[in-house]
Amino acid sequence: MRQDLLVFLKELLLFSAATKDTVRAAGLGAVMRGVGMVTRFIPIPQPTLLVGPGSSGRLGQAVAGFGHSKILIVTDSIISKLGLLTPLTDALTAGGAQFVVFDEITPDAPIPLIETAIEFYQSNNCDAIVAFGGGSSMDASKAIAVSVANPGKSLRSLAGYLKGLRAPVKIYAVPTTAGTGSEVTVAAVISDPANQRKLVIVDPRMVPKMAALDPSLMTGLPPHITAATGIDALTHAVEAFIGNWKTPYSDGMALSAVGLIFENLRTAYTDGKNLAAREKMALASTYAGFAFTRANVGYVHAIAHQFGGKYHTPHGLANAIMLPHVLKYSAPNITEKLAQLAVRAKVGTEEESSEVLAQKFLDAVDQLNADLGIPLVLDALQESDIPDLARAACHEAHTGYPVPRYMTQAQCEDMIRKVLPGAAKVAAPKKKKA
Ligand SMILES: NC(=O)c1ccc[n+]([C@@H]2O[C@H](COP(=O)([O-])OP(=O)(O)OC[C@H]3O[C@@H](n4cnc5c(N)ncnc54)[C@H](O)[C@@H]3O)[C@@H](O)[C@H]2O)c1
Ligand SMILES: [Fe+2]
């Protein structure tokens, strides 16, 4: 039954891809809704969650008892130098587990580096992975896990839906940013530097078996990374909530994430050592991950992935710059949803009209970005790149994202043009009264 559903889903996605140039936006929306009727029945496994300060050590204790012959820990050099691995590695050692560390992952996990990590995994005869870090380390881990289970298939050929025949090796995850939600998602985003593109591998079997949300690992995260990754989590929740694959479950997760982010992201940004705010942001990121791994994302991500591939713009920053524009474009079709988000973000009350509340949520997103020092423009963006960026973003969105209001190529170009350096700046949002 599950295989039948997956085959049907693939066919629907191919159909939507093949017809994207001729089907008008309304038709595309109908196709995507049809796909969503199928995807909602695909089972998505969930990891066992360990939450709270010290949970990375508790994850190490648990994993040490699982009988793996050797575990590969995948991380980056900053995390390694900060000593963040110590509670995990101490627990693994105390539990008698063998492990090796690959700490060379760089942002957006480029393919050649993942290939080096795959060789490292194989030459050390590993049989499980602990993904330790931000989305880049977690997604590199997922890509390694699929690749070593499917020898002979290149990483590029594994990009897409369920391209690996065999199940990935077991992954355990310790996120150190509160942003991507990759610890609970079916996706791995890697970069293909040769083609200046980001690739997405999708396979529900890549979801980690266990994840530790340990806020004590996040207290040294610099404010600008806290801001960008926090808005990545907000974007996951919002795009899942306004899209057409939403379910009661994804809505619950998305609304919880939005509430937690509006309550805690400013504090995590200005007072990074605040463990309570860090823990709530870690939970928000995971909830947003649960929401979008079921309901998917939209144009914000479609455009952000192109900025990441072309200019190496950090993923969260790219999302943060585009989120206000995509929301304003989508607003006529999602007034009620924006109103619900406003109430959950506590920027309005249920007594107000939907129109008023929707506008309040749009203003609140602008204000949050301003408070977090998110720029209004993307410095690296070049006018001459915009047609290709828009084409690739539309392709990505129109072949997989159930967005509430579709764009033409020209509309997408115009939207990207709004964040050109020197573009007419959006009026700075009003500062709140003290
Ligand atoms: N798989 C998914 O579902 C999914 C979802 C969203 C984004 N992504 C992908 O994740 C990647 C971005 O991940 P990210 O935003 O978490 O950033 P990242 O993993 O690239 O890390 C950003 C920077 O923060 C540093 N850092 C991480 N944790 C730290 C800590 N605790 N203290 C100090 N420094 C720390 C890292 O060393 C790095 O320099 C992108 O490639 C994006 O496309 C994947
Ligand atoms: Fe994201």
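The rules we used
- Residues numbered from 1 in each chain as written.
- Chains lettered and ligands numbered in written order.
- Predicted model: local features only at pLDDT ≥ 70, side-chain atom pairs only at ≥ 80, totals over all residues.
- Near = placed C-beta within 6 Å.
- Helix = DSSP H or I, 4+ residues; strand = E, 2+ residues; numbered from the N terminus.
- Nonpolar A, V, L, I, M, F, W, Y, C, P; charged D, E, K, R; others polar.
- Domains from an automatic or database assignment.
- Axes fitted to C-alpha atoms, helices over the stretch in contact; angles between N-to-C directions.
- Parallel < 35°, antiparallel > 145°, perpendicular 65-115°, else oblique.
- Left-handed = near helix turned anticlockwise from the far one by under 90°.
- Contact = placed C-beta atoms within 7 Å.
- Pairing = 2+ DSSP bridges.
- Expected span 1.5 Å × (residues − 1).
- Bend = angle between axes of the 7 residues up to and from the residue.
- Buried ≥ 20, exposed ≤ 12 C-beta atoms within 10 Å, placed from the backbone.

1. Description of the site of ligand 1
Argument step 1. Looking at ligand 1, there are 31 residues lining it, with Ile78, Gly134, Gly135, Ser136 and Thr185 nearest.
Argument step 2. Looking at the shell around ligand 1, the elements with two or more residues in it are α4 (77-81), α7 (135-149), β7 (187-192), α9 (223-242) and α13 (315-330).
Argument step 3. In terms of residue count, the dominant contributor to the shell around ligand 1 is α7 (4 residues).
Argument step 4. Tallied by class, residues from the shell around ligand 1 come to 11 nonpolar, 16 polar and 4 charged.
Argument step 5. Lining the shell around ligand 1 are residues from two domains, each supplying at least three of them: domain 1 (48-217) and domain 2 (221-417).

2. What to know about the packing of helix α12 (residues 299-311) against helix α16 (residues 386-398)
Argument step 1. It is at 8 Å that the axes of α12 and α16 come closest, and there the two elements cross at 135 degrees. By the angle between their directions, the pair α12 and α16 is classed as oblique. Crossing geometry of α12 relative to α16 is assigned as right-handed. Seen from α12, the contacting residues are Tyr299, Ala302, Ile303, His305, Gln306 and Lys310; seen from α16, they are Leu389, Ala392, Ala393, Glu396 and Ala397.
Argument step 2. Split by residue class, the contact of α12 with α16 holds 7 nonpolar, 2 polar and 2 charged.

3. Here's the deal with the domain arrangement of the chain
Argument step 1. Domain annotation of the chain identifies domain 1 (48-217) and domain 2 (221-417).
Argument step 2. Of note, the centres of domain 1 and domain 2, computed from C-alpha atoms alone, are 25 Å apart.
Argument step 3. Listed per partner, the contact involves 25 residues of domain 1 and 28 residues of domain 2.
Argument step 4. Its residues assigned to classes, the side of domain 1 that touches domain 2 comprises 9 nonpolar, 12 polar and 4 charged.

4. Here's the deal with the sheet that holds β7
Argument step 1. Ordered in space as β5-β8-β7, the 3 strands form an open sheet in which the pairing is mixed. In the strand order of this sheet, the two ends are held by β5 (160-161) and β7, each with one partner.
Argument step 2. The sheet contact formed by β5 and strand β8 (residues 197-202) spans 2 bridges and is parallel. Along β8, the bridge assignment pairs glycine 160 with isoleucine 201.
Argument step 3. On top of the sheet, α7 reaches β7 and β8; it is set at about 95 degrees to β7, its chief contact.

5. Regarding the sheet that holds strand β4 (residues 128-133)
Pairing between the strands of a sheet comes from backbone hydrogen bonds, and it takes one of two forms, parallel or antiparallel.
Argument step 1. Spatially, the 6 strands line up as an open sheet ordered β1-β9-β6-β4-β2-β3, and their pairing is parallel. Two strands lie at the open edges of the sheet, namely β1 (48-51) and β3 (99-102), each paired on one side alone. This sheet shows a mean twist of 15 degrees between the axes of neighbouring strands, independent of strand direction.
Argument step 2. With 4 bridges joining them, β1 and strand β9 (residues 210-213) adopt parallel strand pairing. Across the sheet, the residue bridging to valine 51 is leucine 213, located in β9.

6. Notes on helix α10 (residues 248-270)
Argument step 1. Helix length check: α10 (23 residues) gives 34 Å between terminal C-alpha atoms against 33 Å at 1.5 Å per residue, within 8%.
Argument step 2. Most pronounced at asparagine 264, the bend in α10 amounts to some 40 degrees.
Argument step 3. Taken as a whole, α10 has its buried residues at Ser250, Met253, Ala254, Ala257, Val258, Leu260, Ile261, Phe262, Asn264, Leu265, Ala268 and Tyr269.
Argument step 4. Where α10 is buried, its residues contact α9, α11 (275-295) and α14 (335-344).

7. With respect to the environment of glycine 308
Argument step 1. Along the chain, the position of glycine 308 falls in helix α12.
Argument step 2. Sequence-distant contacts of glycine 308, defined by excluding residues within four places in its chain, comprise Asp108, Lys198, Thr313, His315 and Ala318.

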